[in-house]
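Here's the letter readout for the chains.
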Amino acid sequence: MSEDIKHLLDSWRYNPEDDLIVRYVRGEDRRTKIQMRIDLGVMQMELDGNPAGDRPEGLESYLEYYEIQRRQYEKSRVDDYFSLSSEDCKKLRREAIRYYYRYLCLMKLEDYSRVVRDTQRNLRAFAFV
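Residues numbered from 1 in each chain as written. Predicted model: local features only at pLDDT ≥ 70, side-chain atom pairs only at ≥ 80, totals over all residues. Heavy atoms only, no water.

(A) Broad picture of the pattern of salt bridges. Inspection of the entire model under this criterion finds 16 salt bridges. Note that arginine 31 is salt-bridged to glutamate 46, the shortest N-O span being 2.7 Å. Remark: glutamate 46 occurs in strand 3 (residues 41-46) and arginine 31 occurs in the loop between strand 1 (21-26) and strand 2 (32-38); sequence separation between them is 15 residues. With a relative accessible area of 46%, arginine 31 lands in the partly exposed category. Close ionic contact of arginine 124 with glutamate 67 constitutes a salt bridge, the shortest N to O distance being 2.7 Å. One end of the pair, arginine 124, is in helix 4 (residues 112-128); the other, glutamate 67, is in helix 2 (residues 62-76), with 57 residues separating them in the sequence. If you follow the salt bridges from partner to partner, you end up with Asp48, Arg102, Asp111, Arg114, Arg117 and Asp118 in one network. (Salt bridge = Lys/Arg side-chain N within 4 Å of Asp/Glu carboxyl O. Helix = DSSP H or I, 4+ residues; strand = E, 2+ residues; numbered from the N terminus. Buried < 20%, exposed > 50% of the residue type's maximum accessible area, 1.4 Å probe, protein only.)

(B) Geometry of the environment of glycine 49. By the secondary structure assignment, glycine 49 is in the loop between strand 3 and helix 2. When its relative accessible area of 25% is taken as the criterion, glycine 49 is described as partly exposed. In sequence terms glycine 49 and arginine 23 are 26 residues apart; their C-alpha atoms lie 18 Å from each other. Not counting the four nearest positions on each side in its chain, glycine 49 is found in contact with Glu60, Tyr99 and Arg102. (Contact = heavy atoms within 4.5 Å.)

(C) Looking closely at helix 2. A rise of 1.5 Å per residue sets the reference length of helix 2, with its 15 residues, at 21 Å; its end C-alpha atoms lie 21 Å apart and thus fit the reference within 8%. Turning to helix 2, its buried residues number three or more, namely Leu63, Tyr66, Glu67 and Tyr73. Each buried residue of helix 2 lies within a common arc of 125 degrees when the element is viewed along its axis, so the set occupies one face. Helix 2 presents Lys75 and Ser76 as exposed residues on the side facing more than 90 degrees away from its buried surface. Where the residues of helix 2 are buried, they touch helix 3 (86-108) and helix 4. For helix 2, the N-terminal capping position is held by serine 61, with its side-chain oxygen 3.4 Å away from the main-chain nitrogen of leucine 63. (Expected span 1.5 Å × (residues − 1). Arc of directions from axis to C-beta. Polar contact = N/O pair within 3.5 Å; in protein donor to acceptor, adjacent residues only side chain to side chain.)

(D) Just the nonpolar core, in detail. Membership of the largest hydrophobic core is limited to nine residues, which are Val22, Ile34, Met36, Met45, Leu47, Tyr103, Cys105, Leu106 and Val115. Breaking this core down by element, the ones donating at least two residues are strand 2 and helix 3. Tallying contributions element by element places helix 3 first for this core, with three residues. Apart from the residues lying within four places of it in its own chain, the contact partners of isoleucine 34 are Arg23, Tyr24, Met43, Gln44, Met45, Leu47, Arg102, Cys105, Leu106 and Leu109. Counting residues in each nonpolar core, the second largest holds five residues, with Leu63, Tyr66, Leu92 and Phe128 among its members. (Core = buried A, V, L, I, M, F, W, Y, C linked by side-chain atoms within 4.5 Å.)

(E) Expanded view of the pairing of strand 3. Alignment of strand 2 against strand 3, held across six bridges, turns out to be antiparallel. Bridge pairing links isoleucine 38 to glycine 41 in strand 3. (Pairing = 2+ DSSP bridges.)

The structure is reproduced here in structure tokens:
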């Protein structure tokens, strides 16, 4: 099987005049995914959970992981405060961008309850950082 995706790109043309080109597709795992056509390719995201399908530290997201870390830290410390490293912030930023891309697509697809879910999640991430 070729790894070349030219056939996919040719069958789903990019038009810079369109504001956002998105669709639902059924994945090989039988779950619904979101695809967004971009200038030089296609982005694919999970409909629910982590957009990339990752499970960082066994959880849905790094945000969830760091929130747990902070709660554990606050239970064990009195005088000090919890902090994030620059690498931690990069992970959270990269993750927030993925959720942002997904809620842009969901807005175009008029799936407003999921738009609210992902938007609230990113607002929580901003407040956390």
